[in-house]
Amino acid sequence: MTSPETDQTKAIRIHAFGDTSVLQWESVALPSPAPGEVRLHHTAIGVNFIDTYHRSGLYPLTLPTGLGSEASAVIEQLGSGVTGFHVGQRVVYAGRGPVDGYSERRNVPADWLIALPDDIDDEVGAASLLKGLTAWFLIHRSYRVCAGDWVLVHAAAGGVGQFLTQWAAHLGAKVIGVVSSAEKAALALRNGCQHVLTSGPAELAGEVRALTDAAGVAVVYDSVGAATFEASLDSLARHGVMVSYGNASGPPPPIAPLDLARRGSLYLTRPVLFDFIADASEREAAADALFGLIRDGVLKVAVNQRFALADAASAHRALEARATTGATVLLPD
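What you see is a predicted model; the values in this text were computed from it and never measured.

Undergrad: Is there a simple way to explain the overall build of the protein chain in this structure?
TA: In terms of helices and strands, the protein chain carries nine helices and 15 strands. Its C-alpha radius of gyration of 20 Å places the protein chain within 12% of the 20 Å reference for a compact globule of 333 residues. Seen through its C-alpha atoms, the protein chain measures out along the principal axes to roughly 65 × 40 × 35 Å. In the protein chain, which comprises 333 residues, the share counted as buried stands at 55%. Partitioning the contacts of the protein chain with sequence separation of at least 6, the portion at a separation of at least 24 is 69%. Of the roughly 13500 Å² of accessible surface on the protein chain, a fraction of 54% belongs to carbon and sulfur atoms. In the protein chain, 25 positive and 34 negative side-chain charges are present, and the distance between their average locations comes to 5 Å.

Structure representation (structure tokens):
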């Protein structure tokens, strides 16, 4: 049963778009869960680059707003009509609706939730769901990676990048990673890359051609955006697939369809995760595949940065400075 009272919780809020100074730690009202909702107490909160886009206004939200799209949690309360879950159950979610993951407690639609297996740690759950499901749809839906494919992964030592390189290597692909430092290069090699490049965009296509006997790669997974877009296109083989799924350096420039023809009849896609997990059956199947590979040790989830929830600004600064490797989580007190 729910109660009519409104509680208080602590959460990160922004009232204007901008740099990390706009992140405010506030007390906010928390009503009882509505029908079909559950109240969650967060145990670990995933930090993703899209959170910085929301904060800066690149992907604008209605202000004031919270931030954060994924977390592990324990169910505190069920709204009316909720079935299949119980109070005290460990769950994880990655939601497309109102972003409010940077909070101690919140209400979410029950159909967002995925039961967190007993053998998956809270931090691993929070660090892996959004990034891991992103890797799943990139590898299995945006372009179906096959054994023997040459695959180019930008930001190969980052959160999604590490899932992509490990998963693609597991499928038998030949993975070329692009990173920004020797330290990240070593990490990318440990995570399945056969080759790692640290040079800039001007040299990228030439180096990729040299590694692939001038053929180019079957697919590029590019989360960087403007700075690498042209070089990524020029790294593709004939009929290759350009998967642009992020804008870390800003949005890619417009491109004319004839430019794709001129480069070898290329394909270009700009996919979004939630279009591939729109219903519960799709979401659960993808999560089962992800957790199964984590359980089997194929996907190693490296939670390399932990910040207090109230100090989310430090997490954003580290992410934007490309000073992180693997996953970053926020931890409530």
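Undergrad: It is not clear to me how the packing of helix H2 (residues 122-142) against helix H8 (residues 280-295) should be interpreted in this structure. Could you clarify?
TA: The packing of two helices is summarised by the inter-axis angle and the distance between the axes. Where H2 contacts H8, the two axes come as close as 10 Å, and the packing angle between them is 115 degrees. In this structure, H2 crosses over H8, and the sense of that crossing is right-handed. Together, Val124, Ser128, Leu129, Gly132, Leu133 and Trp136 of H2 and Ala286, Ala287, Ala289, Leu290, Phe291 and Ile294 of H8 make up the contact between the two elements. Its residues assigned to classes, the contact of H2 with H8 shows ten nonpolar, two polar and no charged.

Undergrad: In this structure, what is going on with helix H4 (residues 182-190)? I would like to understand it.
TA: Three- or four-residue spacings in an α-helix give side chains the same orientation, since the helix completes a turn every 3.6 residues. When H4 is considered as a whole, its buried residues turn out to be Lys184, Ala185, Leu187 and Ala188. Burial along H4 is one-sided: seen end-on, the buried residues are contained in an arc of 165 degrees. In H4, the exposed positions that point more than 90 degrees away from the buried face belong to Ala182, Glu183 and Arg190. Check the buried side of H4 and you find it contacts helix H3 (159-170) and strand E10 (195-197). Immediately downstream of H4, the backbone of Gly192 shows phi near 110 degrees, a positive value.

Undergrad: How do you make sense of the pattern of salt bridges when you look at a structure like this?
TA: Pairing between side chains of opposite charge can happen when the charged atoms of each approach one another. In this structure the tally under the stated criterion is twelve salt bridges. For Arg105, the salt bridge is made with Glu76, and the minimal N-O distance between the two is 3.1 Å. Here the residue Arg105 occupies a position in strand E6 (residues 105-109), and Glu76 occupies one in strand E4 (residues 70-78), the gap between them amounting to 29 residues. Between Glu123 and Arg306 there is a salt bridge, with its nearest N and O atoms 2.7 Å apart. Here Glu123 is found in helix H2, whereas its partner Arg306 is found in strand E14 (residues 303-308), with 183 residues between them in sequence. Judged by relative accessible area, Arg306 falls into the partly exposed class, the value being 47%. Sharing partners across several salt bridges, the network here consists of Asp7, Arg39, Glu76 and Arg105.

Undergrad: What should I look at first to understand the pairing of E4 in this one?
TA: Sheet topology note: the strand E3 (residues 37-47)/E4 ladder contains seven bridges and is antiparallel. Residue His41 lies in a different strand from E4, and its bridge partner there is Val74. As defined by bridge partners, E4 adjoins strand E5 (residues 90-94) across five bridges and the pair is classed as antiparallel. What sits directly across from Ser72, in E5, is Val92.

Undergrad: Help me out: how do you make sense of the environment of Gln166 in this one?
TA: Within the secondary structure layout, Gln166 lies in helix H3. The exposure class of Gln166 is buried, given its relative accessible area of 7%. For the pair Gln166 and Asn191, spaced 25 residues apart in sequence, the C-alpha separation works out to 5.3 Å. Contact partners of Gln166, with chain neighbours within four places excluded, come to Asn191, Val298, Leu299 and Lys300.

Undergrad: Would you take a moment to explain unusual backbone geometry for this structure?
TA: In this structure, Pro64 follows Leu63 across a cis peptide bond, with omega equal to -10 degrees. Mapped onto the fold, Pro64 is located in the loop between helix H1 (49-56) and E4. In this structure, Asp213 takes a positive phi of about 55 degrees despite not being glycine. Along the chain, the position of Asp213 falls in the loop between helix H5 (201-211) and strand E11 (217-222). Judged by its relative accessible area of 76%, Asp213 is exposed. Positioned with a positive phi, Ala214 is a non-glycine residue whose angle comes to about 75 degrees.

Undergrad: It is not clear to me how the pairing of E11 should be interpreted in this structure. Could you clarify?
TA: The side chains of a regular strand alternate between both faces of the sheet. Within E11, six of the six residues are buried, which leaves the element mostly enclosed by the surrounding structure. Pairing of strand E8 (residues 150-154) with E11 involves three bridges; the strand directions are parallel. In the strand pairing of E11, Leu152 is matched with Val220. Two elements, E11 and strand E12 (residues 236-244), share five bridges in a ladder whose sense is parallel.

Undergrad: What am I meant to see in the nonpolar core here?
TA: General note: in soluble globular proteins, nonpolar side chains tend to be found buried as a group. If you look at the biggest cluster of nonpolar residues, it comprises 53 residues, and the most contacted ones within it are Leu129, Leu164, Tyr221, Leu290 and Phe291. Among the elements that take part in this core, H2 stands out by supplying ten residues, more than any other. Excluding residues that lie within four positions of it along the chain, Leu129 makes contacts with Glu70, Val92, Tyr93, Ala94, Ile114, Ala287, Leu290 and Phe291. Judged by nonpolar contacts, the second largest core, of 29 residues, contains Ile12, Leu67, Val82 and Tyr93.

Reading the values: the criteria
- Residues numbered from 1 in each chain as written.
- Predicted model: local features only at pLDDT ≥ 70, side-chain atom pairs only at ≥ 80, totals over all residues.
- Heavy atoms only, no water.
- Helix = DSSP H or I, 4+ residues; strand = E, 2+ residues; numbered from the N terminus.
- Rg over C-alpha atoms; globule rule 2.2 N^0.38 Å.
- Buried < 20%, exposed > 50% of the residue type's maximum accessible area, 1.4 Å probe, protein only.
- Contact = heavy atoms within 4.5 Å.
- Areas by Shrake-Rupley, 256 points an atom, 1.4 Å probe, with all protein chains shown as cover.
- Lys, Arg positive; Asp, Glu negative; His and termini not counted.
- Charge placed at Lys NZ, Arg CZ, Asp CG, Glu CD.
- Axes fitted to C-alpha atoms, helices over the stretch in contact; angles between N-to-C directions.
- Left-handed = near helix turned anticlockwise from the far one by under 90°.
- Nonpolar A, V, L, I, M, F, W, Y, C, P; charged D, E, K, R; others polar.
- Arc of directions from axis to C-beta.
- Salt bridge = Lys/Arg side-chain N within 4 Å of Asp/Glu carboxyl O.
- Pairing = 2+ DSSP bridges.
- Core = buried A, V, L, I, M, F, W, Y, C linked by side-chain atoms within 4.5 Å.

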